[in-house]
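Structural overview for review
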Amino acid sequence: MLLALDDAISTAVLAGRGAGAEVFGIIDLNSKIETRISAISLGRAIQFVANASVLGYDVRNAMVLYGEPGTPSLRAWDCEHLWAQYGGVLLQP
């Protein structure tokens, strides 16, 4: 069942990778302030969250919102998994 869910999420993300997304819940470790990112493509949002910890951000509470209302959000683990699996494909139009 979990594999089918992952496939459904992956399919939806790949189809909508160029769509708009917003990122919430990322904390800049230097300033201790939450950083909100909007007006970014879904692929770039996934890339950012997957790599943000290396750039000095705490992503434990990160959420990527995209798609129609009711679409499940992506968490940091989802972004790391999707970036590891698809990488640069997520950035292609």
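Preceding this paragraph is the structure being described.
Residues numbered from 1 in each chain as written. Predicted model: local features only at pLDDT ≥ 70, side-chain atom pairs only at ≥ 80, totals over all residues. Heavy atoms only, no water.

Turning our eyes to something else, we now look at the overall build of the protein. Within the protein, the regular secondary structure consists of 3 helices and 5 strands. Written out in order from the N terminus, the α and β elements of the protein read α-β-β-α-β-β-β-α. Relative to a compact globule of 93 residues, whose C-alpha radius of gyration would be 12 Å, the protein shows 13 Å and is just as compact. When its C-alpha atoms are laid out on the principal axes, the protein stretches across 40 × 25 × 25 Å. Residue burial in the protein is summarised as follows: out of 93 residues, 35% are buried. Of the contacts formed within the protein by residues at least 6 apart in sequence, a portion of 55% connects residues at least 24 apart. Element-wise, carbon and sulfur atoms account for 59% of the exposed surface of the protein, whose accessible area totals about 5,600 Å². (Helix = DSSP H or I, 4+ residues; strand = E, 2+ residues; numbered from the N terminus. Rg over C-alpha atoms; globule rule 2.2 N^0.38 Å. Buried < 20%, exposed > 50% of the residue type's maximum accessible area, 1.4 Å probe, protein only. Contact = heavy atoms within 4.5 Å. Areas by Shrake-Rupley, 256 points an atom, 1.4 Å probe, with all protein chains shown as cover.)

Moving on: helix H3 (residues 76-86). Every buried residue of H3 is accounted for by Ala 76, Asp 78, Cys 79, Leu 82 and Trp 83. Taken down its axis, H3 places every buried residue within 155° of arc, on the same side. Counted as exposed and oriented over 90 degrees from the buried face of H3: Trp 77 and Ala 84. Positive phi shows up at Gly 87, right after H3, with a value of about 45°. (Arc of directions from axis to C-beta.)

Another point: unusual backbone geometry. For Lys 32, which is not glycine, the phi dihedral falls at a positive 60°. Within the secondary structure layout, Lys 32 lies in the loop between strand S1 (20-28) and strand S2 (33-41). When its relative accessible area of 61% is taken as the criterion, Lys 32 is described as exposed. Of note, the phi angle at Ala 39 is positive, near 55°, even though the residue is not glycine. With respect to the helices and strands, Ala 39 occurs in strand S2.

Right, let's talk about the environment of Ala 45 for a bit. Looking at the element boundaries, Ala 45 is found in helix H2 (residues 42-51). Overall, Ala 45 belongs to the buried group, its relative accessible area being 0%. Sequence-distant contacts of Ala 45, defined by excluding residues within four places in its chain, comprise Ala 21, Val 23, Ile 40 and Val 64.

Interpretation in functional terms is not warranted from these geometric data alone.
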